[in-house]
Amino acid sequence: MYKKILVAADGSEHSIRTAERAAELANLQGDGEITIVYVIDGEQSKSDVLSEGDQGMVEQRRQQRLKPIEEILQEKNASYQINIQHGEPGPTIVKYANKNNFDLVVIGSRGLNTLQEMVLGSVSHKVAKRAKCPVMIVK
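Structural notes, computed from the coordinates. Since the model is a prediction, treat every value here as computed from it, not as a measurement. (Residues numbered from 1 in each chain as written. Predicted model: local features only at pLDDT ≥ 70, side-chain atom pairs only at ≥ 80, totals over all residues. Heavy atoms only, no water.)

On to the overall build of the protein. In terms of helices and strands, the protein carries five helices and five strands. The order of helices and strands in the protein, counted from the N terminus, is β-α-β-α-α-β-α-β-α-β. In the protein, of all internal contacts separated by at least 6 residues, the share reaching a separation of at least 24 is 73%. When the accessible area of the protein is evaluated, it comes to approximately 7800 Å², of which 49% is carbon and sulfur surface. (Helix = DSSP H or I, 4+ residues; strand = E, 2+ residues; numbered from the N terminus. Contact = heavy atoms within 4.5 Å. Areas by Shrake-Rupley, 256 points an atom, 1.4 Å probe, with all protein chains shown as cover.)

Take a look at the structure:
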């Protein structure tokens, strides 16, 4: 049913839980494939460059954000790949999901943005409204 699963990840606790759910679903299918999409927006890119300085350190920091997610997927023997995108997270995830015909998008209810902690995250809300496939929002 859900063979092609997109996991929206930003390194937050919520995105780590999304990886766990996605791995379970992929393993239920037996041959499910997971794509992790990590979107770098302009504000995050500026922040990374200012805090790290050099591009190599920026890349290393981004990999560290995804490492717990990769470890979960490896531990659960889930087949996965990582895709880095640039742009505003909500629209970029929707565009990527719709263009690549995913069966399911799994996204956390909140991300790293502290402004979004009071209500359902604006990114997850945008994705749920605009993606052409089912969206699972993980709390």
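Another point: the environment of isoleucine 16. Note on placement: isoleucine 16 falls in helix H1 (residues 13-29). Sequence-wise, isoleucine 16 and lysine 67 are 51 residues apart; in three dimensions their C-alpha atoms are separated by 9.7 Å.

Under the defined criterion, the tally for this structure stands at one aromatic pair. On the numbers, 5.8 Å between centres and 35° between planes, the contact of tyrosine 96 with phenylalanine 102 is tilted. The ring of phenylalanine 102 carries the charged tip of lysine 4 above its face, separated from the ring centre by 5.1 Å. (Phe/Tyr/Trp six-rings, centres within 6.5 Å; stacked < 30°, edge-to-face > 60°. Lys NZ or Arg CZ within 6 Å of the ring centre and 35° of its normal.)

Nonpolar side chains tend to gather and get buried jointly when the protein is soluble and globular. If you look at the biggest cluster of nonpolar residues, it comprises 21 residues, and the most contacted ones within it are Ile5, Ile34, Ile36, Ile69, Leu73 and Val106. Mapped by element, the contributors of at least two residues to this core are strand S1 (4-9), H1, strand S2 (33-40), helix H3 (55-75) and strand S4 (104-108). Residue contributions to this core peak at six residues, all from H1. Membership of the second largest hydrophobic core comes to 15 residues, among which are Leu6, Val39, Ile93 and Val94. (Core = buried A, V, L, I, M, F, W, Y, C linked by side-chain atoms within 4.5 Å. Buried < 20%, exposed > 50% of the residue type's maximum accessible area, 1.4 Å probe, protein only.)

Below, the discussion takes up the sheet that holds S1. With respect to topology, five strands assemble into an open sheet ordered S3-S2-S1-S4-S5, the strand pairing being parallel. Sheet topology places strand S3 (79-86) and strand S5 (135-138) at the edges, where each strand pairs with a single neighbour. Neighbour-to-neighbour, the strand axes of the sheet open up by a mean angle of 25°, direction not taken into account. In the sheet, S1 pairs with S4 via three bridges, with the strands oriented parallel. The residue of S4 that forms the bridge with leucine 6 is valine 105. Docked against the sheet, H1 engages S1, S2, S4 and S5, running at close to 170° with respect to S1. Each of S1, S2, S3 and S4 is contacted by helix H4 (residues 89-99), which is oriented at about 150° to S2, the strand it contacts most. (Pairing = 2+ DSSP bridges. Axes fitted to C-alpha atoms, helices over the stretch in contact; angles between N-to-C directions.)

In the Ramachandran plot, asparagine 77 falls in the positive-phi region, its phi being about 55° despite a non-glycine side chain. Within the secondary structure, asparagine 77 sits in the loop between H3 and S3. A positive phi angle, close to 50°, is found at asparagine 101, a residue other than glycine. Within the secondary structure, asparagine 101 is located in the loop between H4 and S4. Here asparagine 101 falls in the exposed class, since its relative accessible area comes to 59%.

For H1, which comprises 17 residues, the first-to-last C-alpha distance of 25 Å matches the rise-based estimate of 24 Å (1.5 Å per residue) to within 8%. For H1, the set of buried residues is His14, Ser15, Ile16, Thr18, Ala19, Ala22, Ala23, Leu25 and Ala26. (Expected span 1.5 Å × (residues − 1).)

Consecutive residues of a regular strand have side chains that alternate between opposite faces of the sheet. By the criterion of burial, S1 is predominantly enclosed, with five of the six residues buried. One ladder, built from six bridges, connects S1 with S2; its direction is parallel. Across the sheet, alanine 8 pairs through a bridge with valine 37, a residue of S2. Regarding the hand of the β-α-β motif, the stretch spanning S1, H1 and S2 is right-handed. (Right-handed = clockwise from strand over helix to strand, strands pointing away.)

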